[in-house]
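Fold and contact review
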Amino acid sequence: MFDEVNGAGGAKRADDGHALWSGDYYNEGVVNDHDFFFDKLREECGVFGVFGHPDAAHLAYYGLHALQHRGQESAGICVSDGTEFHYHRDMGLVKEIFNTEIMSGLQGAMGIAHVRYSTSGESKIANAQPLVFKYREGDLAIATNGNLVNAVELRKRLERQGSIFQTSSDTEVVAHLIARSQHDDIVDAVREALQQVDGAYAFLFLTRDKLIAANDPHGLRPFVLGKLGDAYVFASETCAFDAIGAEYVRDIQPGELLVMELGKQELRTERFAEEKRRAVCAMEYIYFARPDSDIDSVNIHSARKRMGRQLAMEAFIDADVVTGVPDSSISAAIGYAEQTGIPYELGLIKNRYMGRTFIQPSQALREQGVKMKLSAVRKVVEGKRVVMIDDSIVRGTTSLRIVNLLREAGAKEVHVRISSPPFMNPCFYGIDTPNRQELIAAQKSVEEIRQAINADSLHFLSHDGLLAAIGRGDEREFNRGMCTACFDNRYPTELYDHRSLVSDDVQVISDKSAKLELQTNQSAFVKA
């Protein structure tokens, strides 16, 4: 899999040009959690906010713990005591960054917090959020989940107007737009700034005496509101509320602006933009969100089980055992097993306690990386016809490794079932995806993919089957109110500078009145 390395020491590189490790440990570089080995997509980040609780920082700490799956590169908490900010952010996991001494210094009744995923082996503390700025009306902190598709265009315009950027984050673009607003009132300045940006975002803004939350007009990223006693809490997922004992109130609506102010315990809600076509990210249901979270009142675990059931109805295969690739595919595997009556077994086990692992620069030991993270249970799969359920295939390298892992453990047959349609198009809304040339489903037919991953058979969940299994929204809505651009090449926003990265048949369908006229299926998206 990897290129040979000449000499000892220095940064080793994987065959796609990404740094594999930059020191003595093979996970010291680009992949803190080894996702490179497993060819998995990664979420941009997660946000958490608290208003009106005397121990806001500690609530934020536990909330970030619950959202850690959304980002492991950096974390930060910023609180206001009504007079000034107290904040801390650093690279690493939440439990590594915050200790008793640091937490004791974060005093305040309102705050925002953030976890960010790793896109680079470099330690970019400047990009860790919440970002804190000096604003003419006082300090301003911003945390966001998502990605602005017109950020490059806005940045160039702002730089021509004299803005100097300190980070490469989209979030700083919004800060400059706020700073350049003619409005002295921060709420008016935020509203004006948001009307100039396009893309996916769940924003939290903090000033000395206000907390502001905003969700993009398409509702692409999950964003929820809750209560803990008289305090209000905000989070990327409902699982963060469970961690602190808060009650879920509702999802924050697309284009909605929520404002809280010290001394005024009521929640003020208004709109900064009209709601456009609802387009919550389908990959949240398939892969990103935690199984115990709910998005738009749809439980993630239940939705994934239905995906597995639907997959079984579409692609039954006679087999001896069903197993799921941990962790996100377990629910779908259970659903597939229940629908078919084939026993579900833990045929694959994930090692959660690797830490940093020293490895010599040899080809054989590099290939051991996948086996250090994932193990096949020989007594479960040996001599068996195995159905392996996974949530997606990106480059195909992961599926090949896991199929071979099962075969090495004695599996007689390995039939791969994927609980999503073929992933053919890049995402520009806060998910780290390869370019289209690296997506195996954009380059190969299903049969060619089957051969490439060494499976006995392969089937993807159909597009219609996915929408039905998730079960959210109105059937009359376009794609039942979800973004499935990564499967069908139909994006909810203009793509700006990204248009050159997609295929020529791309469609931008943004209007709220858009209806799903074309009945889609698997063959519409994968070459025959």
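Residues numbered from 1 in each chain as written. Predicted model: local features only at pLDDT ≥ 70, side-chain atom pairs only at ≥ 80, totals over all residues. Heavy atoms only, no water.

**Regarding the nonpolar core**
Let me state the cut-off plainly: Definition of nonpolar core: a set of buried residues of the types Ala, Val, Leu, Ile, Met, Phe, Trp, Tyr and Cys, connected through side-chain atoms within 4.5 Å. Only protein chains enter the accessibility calculation, which uses a 1.4 Å probe; a residue is then buried when its area is under 20% of its type maximum, exposed when over 50%, and partly exposed in between. Segments assigned H or I by DSSP are reported as helices when at least four residues long, segments assigned E as strands when at least two residues long, and all are numbered from the N terminus. Here, two residues are considered to be in contact whenever any of their heavy atoms come within 4.5 Å of each other.
The biggest cluster of nonpolar side chains holds 78 residues, and the ones touching the most others in it are Met 283, Tyr 285, Met 307, Met 388, Val 416, Tyr 429 and Leu 458. Here this core takes 6 residues from helix α9 (residues 282–288), the largest share from any one element. Once residues lying within four places of it in the same chain are set aside, the contact partners of Val 416 are Met 388, Val 403, Ile 453, Ala 455, Ser 457, Leu 458 and His 459. In this structure, Leu 148, Phe 165, Ala 189 and Leu 257 belong to the second largest nonpolar core, which totals 30 residues.

**Quick notes on the packing of aromatic side chains**
Where we set the bar: Side-chain rings of Phe, Tyr and Trp, where Trp is taken by its six-membered ring, are said to pair if the distance between their centres is within 6.5 Å; with planes under 30 degrees apart they count as stacked, over 60 as edge-to-face, and otherwise as tilted. The criterion is that NZ of a Lys, or CZ of an Arg, lies within 6 Å of the ring centre and within 35 degrees of the ring normal, and then a charge sits over that ring.
One pass over the structure, following the stated rule, counts 9 aromatic pairs. Members of the aromatic cluster, connected to one another through ring pairs, are Tyr 201, Phe 203, Phe 205 and Phe 272. Its end group placed over the ring of Phe 165, Arg 155 keeps NZ or CZ at 4.2 Å from the ring centre. Note that Lys 227 overlies the ring of Tyr 232, its terminal NZ or CZ placed 4.6 Å from the centroid.

**Some thoughts on the pairing of strand β10 (residues 199–206)**
For clarity, the cut-off: Note on pairing: two strands pair once DSSP finds at least 2 bridges between them.
Counting buried positions along β10 yields 8 of 8 residues, so the element is predominantly enclosed. In this structure, strand β9 (residues 138–148) lies alongside β10, joined through 8 bridges in antiparallel fashion. Its bridge partner lying in β10, Asn 145 is registered against Ala 202.

**A closer look at unusual backbone geometry**
Here the bond from Gln 129 into Pro 130 is cis, since omega is 0°, no more than 30 degrees from zero. On the secondary structure map, Pro 130 appears in the loop between β7 (110–116) and β8 (131–135). Notably, Asp 296 is not glycine yet its phi reads approximately 50°, a positive angle. By the element assignment, Asp 296 lies in the loop between β18 (294–295) and β19 (298–299). According to the relative accessible area criterion, Asp 296 is buried, its value standing at 18%. A positive phi is found at Asn 479, a non-glycine position, where the angle reads about 50°.

**Thoughts on the side chain of Thr 484**
Secondary-structure assignment places Thr 484 in the loop between β27 (482–483) and α18 (485–488). Excluding residues that lie within four positions of it along the chain, Thr 484 makes contacts with Ala 282, His 463, Leu 467, Asn 479 and Asn 489.

**A look at the sheet that holds strand β14 (residues 247–251)**
Formally: A fitted line through C-alpha atoms represents every axis, and for helices the fit uses only the stretch in contact; the resulting angles, taken between N-to-C directions, go from 0 to 180 degrees.
Strand order across the open sheet formed by 7 strands is β6-β5-β7-β4-β13-β12-β14, with antiparallel pairing between neighbours. Each of the sheet's edge strands pairs with one partner strand only, and the pair in question is β6 (85–91) and β14. Geometrically, the sheet is characterised by an average inter-axis angle of 15° between neighbouring strands, direction not taken into account. The sheet contact formed by strand β12 (residues 224–228) and β14 spans 4 bridges and is antiparallel. Directly across from Leu 225, in β14, lies its bridge partner Arg 250. Lying on the sheet, helix α2 (residues 56–66) is in contact with β4 (45–51), β5 (74–80), β7 and β12; it crosses β5 at an angle near 155°.

**Thoughts on the pattern of salt bridges**
Selection criterion: A pairing counts as a salt bridge when a side-chain nitrogen of Lys or Arg comes within 4 Å of a carboxyl oxygen of Asp or Glu.
Inspection of the entire model under this criterion finds 28 salt bridges. In this structure, the salt-bridge partner of Arg 136 is Asp 184, at a minimum N-O distance of 3.6 Å. Of this pair, Arg 136 sits in the loop between β8 and β9 while Asp 184 sits in the loop between α6 (170–179) and α7 (186–194); the two residues are 48 residues apart in sequence, bridging distant segments of the chain. Where Arg 490 meets Asp 488, a salt bridge forms, and the shortest distance between an N and an O atom there is 3.6 Å. Across the pair, Asp 488 and Arg 490 agree in class, each one buried. Here the salt bridges share partners, and the residues they tie into one network are Arg 208, Asp 209, Lys 210, Glu 261 and Lys 264.

**Side note on the pairing of strand β24 (residues 413–418)**
The buried fraction of β24 is high, at 5 of 6 residues. Of the strand pairs in this sheet, strand β23 (residues 385–390) and β24 are connected by 6 bridges, and their pairing is parallel. By the bridge assignment, Val 386 is partnered in β24 with Val 414. For β24 and strand β26 (residues 457–460), the ladder comprises 4 bridges, and the chain directions are parallel. Looking at the pairing, Arg 417 lines up with His 459 of β26.

**Structural notes on the sheet that holds β10**
As summarised here, the arrangement of the 6 strands in space is β8-β9-β10-β11-β15-β16, forming an open sheet in which the pairing is antiparallel. Every other strand in the sheet has two partners, leaving β8 and β16 (264–271) as the edge strands with one partner each. For this sheet, the mean inter-axis angle between neighbouring strands, taken without regard to orientation, is 20°. Two strands pair when backbone bridges link them, and β8 and β9 are joined in this way by 5 bridges, in the antiparallel orientation. Note that in β9 the partner of Lys 134 across the bridge is Asp 139.

**Things to note about the packing of helix α10 (residues 300–314) against helix α17 (residues 463–470)**
Stated precisely, the cut-off is as follows: Two helices cross in a left-handed way if the nearer one is turned anticlockwise from the farther one by less than a right angle. They cross in a right-handed way if the turn is clockwise. Polar here means any residue other than Ala, Val, Leu, Ile, Met, Phe, Trp, Tyr, Cys and Pro, which are nonpolar, and Asp, Glu, Lys and Arg, which are charged; Gly is therefore polar.
Two elements in contact, α10 and α17, have axes whose closest approach is 8 Å; the angle formed by their N-to-C orientations is 145°. Note on packing geometry: the crossing formed by α10 with α17 is right-handed. Between α10 and α17, the contacting residues are Ala 303, Arg 306, Met 307, Gln 310 and Glu 314 on the first element and Gly 465, Leu 466, Ala 469 and Ile 470 on the second. Across the contact of α10 with α17, the residue classes tally to 5 nonpolar, 2 polar and 2 charged.

**Some points on the packing of α10 against helix α11 (residues 330–340)**
Let me state the cut-off plainly: In this scheme, roughly parallel covers angles under 35 degrees and roughly antiparallel covers those over 145, while 65 to 115 is roughly perpendicular and the rest are oblique.
Close contact between α10 and α11 brings their axes to 6 Å; oriented N to C, the two are set at 45°. When the interaxial angle is binned, α10 and α11 end up oblique. Relative to α11, the crossing made by α10 is right-handed. Between α10, through His 301, Arg 304, Lys 305, Gly 308, Arg 309, Leu 311, Ala 312 and Met 313, and α11, the contact on the second element is made entirely by Ser 331, Ala 332, Ile 334, Gly 335, Tyr 336, Glu 338, Gln 339 and Thr 340. Tallied by class, residues from the contact of α10 with α11 come to 6 nonpolar, 6 polar and 4 charged.

**A short note on helix α5 (residues 151–160)**
Note the following rule: The arc refers to the directions leading from the helix axis to the C-beta atoms.
Taken together, the buried positions of α5 are occupied by Ala 151, Leu 154, Arg 155 and Leu 158. Down the axis of α5, the buried side of the element spans an arc of 100°, and every buried residue falls inside it. Where the residues of α5 are buried, they touch β9 and α6.

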